[in-house]
Amino acid sequence: MPDMEGFREANNFGLGQAQAVDNFHVKGASNLPWGMKDRLSRIFNPKSGKAVLLAFDHGFIMGPTSGLERIDLSIVPLLEYADCLMCTRGILQSSIPAATNKPVCLRSDAGSSILTELNRNVLIDVEDAIRYNASAMAVMFAAGDEEREAITAANLVKAVDLGNRYGIPVMGVTAVGKQMARDARYFALASRMCAENGASIVKTYYCEGFERVAATCPVPIVIAGGKKVPELDALKLCYNAIQDGAAGVDMGRNVFQSEHPAAMIQAVHAVVHDGITAEQGYEMYQDLSK
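Residues numbered from 1 in each chain as written. Predicted model: local features only at pLDDT ≥ 70, side-chain atom pairs only at ≥ 80, totals over all residues. Heavy atoms only, no water.

## What to know about the overall build of the chain
Part 1: Regarding its fold elements, the chain presents 12 helices and 10 strands.
Part 2: Against the globule reference of 19 Å for 290 residues, the chain gives a C-alpha radius of gyration of 20 Å, in line with a compact fold.
Part 3: Dimensions of the chain along its principal axes, counting C-alpha atoms only, are 75 × 50 × 40 Å.
Part 4: A burial count over the chain gives 48% of its 290 residues as buried.
Part 5: For the chain, restricting intrachain contacts to residue pairs at least 6 apart in sequence, the fraction spanning at least 24 positions comes to 64%.
Part 6: Accessible area of the chain: about 14600 Å², with a carbon and sulfur share of 50%. (Helix = DSSP H or I, 4+ residues; strand = E, 2+ residues; numbered from the N terminus. Rg over C-alpha atoms; globule rule 2.2 N^0.38 Å. Buried < 20%, exposed > 50% of the residue type's maximum accessible area, 1.4 Å probe, protein only. Contact = heavy atoms within 4.5 Å. Areas by Shrake-Rupley, 256 points an atom, 1.4 Å probe, with all protein chains shown as cover.)

In structure tokens:
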């Protein structure tokens, strides 16, 4: 039993003052369990509600992509500027220092490469996501692909079931099926399906009419950076996406294939979190590149 000597009777009850209600900063997550919300708070900044993910999981289907030949040389110097790392378990274990202490969105499905047919995937063991201390699991969903839609939907649902069991959010990553165009109608459908099937985050592409995609998705959307474009264009993509309702970006090639990757990710971070314009971000990029 505790020693009662010096025990002080409770007296600070805050009578007349309502208990603070948690107005959670991540869209659609207010009713999630504490562990889920904690993990989402590692990814999405509680002050801005936004996130900059650094994607370098390309090798799981593309091999040693330009800019990712040596993760230790190209990616590790950028880690301090990212809010979250999106990578595979193999690269995480072999190349990312554990002392980095950044949240990880772990690529959690794999199957085929660009040499064959994509999206014939299986899930990794959820216990591996736990062992790697993942803050989220990323799983592909190929809406509109007659052969793979059901396969990838089943993977997504299974990942959500396992994530719910262990308190790990799932990111649904939309792939463009053969029957679907890259337009707001498709991305709204695919994003909403991911959310309806339990994804806590959706990764998709920016498009004309994106505000409708974001408005009809009840969970946060992060925008894929896509292929390498000029730095100003990439920053315009970030700015426009945030203005139209995105909660962040998951950018890879437009950072690590930039002539000045560290300057670029810092400019992206300022556009996403601080609300500066693309032009201001480009000035920042140029200044940091000197």
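## Quick word on the sheet that holds strand S1 (residues 51-55)
Part 1: Around the barrel, which closes on itself, the eight strands sit in the order S1-S2-S3-S6-S7-S8-S9-S10 with parallel pairing between neighbours. The mean inter-strand angle of the sheet, taken between neighbouring strand axes irrespective of direction, is 25 degrees.
Part 2: For strand S6 (residues 136-141) and strand S7 (residues 170-174), the ladder comprises five bridges, and the chain directions are parallel. The residue of S7 that forms the bridge with Ala138 is Met171.
Part 3: Here helix H6 (residues 149-166) sits on the sheet in contact with S6 and S7, set at roughly 165 degrees to S6. (Pairing = 2+ DSSP bridges. Axes fitted to C-alpha atoms, helices over the stretch in contact; angles between N-to-C directions.)

## Considering the pattern of salt bridges
Part 1: A full pass over the atoms with the stated rule returns 12 salt bridges.
Part 2: The partner of Asp57 in a salt bridge is Arg107, with the nearest N and O atoms 3.1 Å apart. Linking Asp57 in the loop between S1 and helix H2 (59-62) with Arg107 in strand S3 (residues 104-107), this pair joins segments that are 50 residues apart in sequence. Both residues of the pair, Asp57 and Arg107, count as buried.
Part 3: Across the pair Asp72 and Arg70 runs a salt bridge whose closest N-O atoms are separated by 2.7 Å.
Part 4: With a relative accessible area of 35%, Asp72 lands in the partly exposed category.
Part 5: Residue classification places Arg70 among the partly exposed positions, given a relative accessible area of 46%.
Part 6: When salt bridges that share partners are traced, they join Arg89, Glu127, Asp128 and Arg131 into one network. (Salt bridge = Lys/Arg side-chain N within 4 Å of Asp/Glu carboxyl O.)

## Considering the packing of helix H9 (residues 231-243) against helix H12 (residues 278-289)
Part 1: Interhelical geometry of H9 versus H12 gives an angle of 135 degrees and a closest axis separation of 8 Å. One finds that H9 runs oblique with respect to H12. Considering how the two elements wind past one another, H9 and H12 form a crossing that is right-handed. Taken together, the residues of H12 that come into contact with H9 (itself represented by Glu231, Leu232, Leu235, Lys236 and Tyr239) are Ala278, Glu279, Gly281, Tyr282 and Tyr285.
Part 2: Among the residues forming the contact of H9 with H12, the class breakdown is six nonpolar, one polar and three charged. (Parallel < 35°, antiparallel > 145°, perpendicular 65-115°, else oblique. Left-handed = near helix turned anticlockwise from the far one by under 90°. Nonpolar A, V, L, I, M, F, W, Y, C, P; charged D, E, K, R; others polar.)

## A short note on helix H1 (residues 34-43)
Part 1: Listed as buried for H1 are Met36, Lys37, Arg39, Leu40 and Ile43. Axial view of H1: buried residues confined to an arc of 160 degrees, hence all on one face.
Part 2: Summarising the contacts, the buried residues of H1 are in contact with S1, strand S2 (84-87), S6, H6 and strand S8 (201-204). (Arc of directions from axis to C-beta.)

## Some thoughts on the packing of aromatic side chains
Part 1: Tallied over the full model, the rule gives four aromatic pairs.
Part 2: For the ring pair Tyr186 and Phe187, a centre distance of 5.1 Å and an interplane angle of 70 degrees mean the geometry is edge-to-face. Taken as a pair, Tyr186 and Phe187 share a single burial class, namely buried.
Part 3: Among the aromatic residues, ring-to-ring pairing joins Tyr186, Phe187 and Tyr205 into one connected group.
Part 4: One residue, Lys37, lies across the ring of Phe24, its end atom 5.0 Å from the ring centre.
Part 5: The ring centre of Tyr205 lies 4.7 Å from the NZ or CZ of Arg182, which sits over that ring. (Phe/Tyr/Trp six-rings, centres within 6.5 Å; stacked < 30°, edge-to-face > 60°. Lys NZ or Arg CZ within 6 Å of the ring centre and 35° of its normal.)

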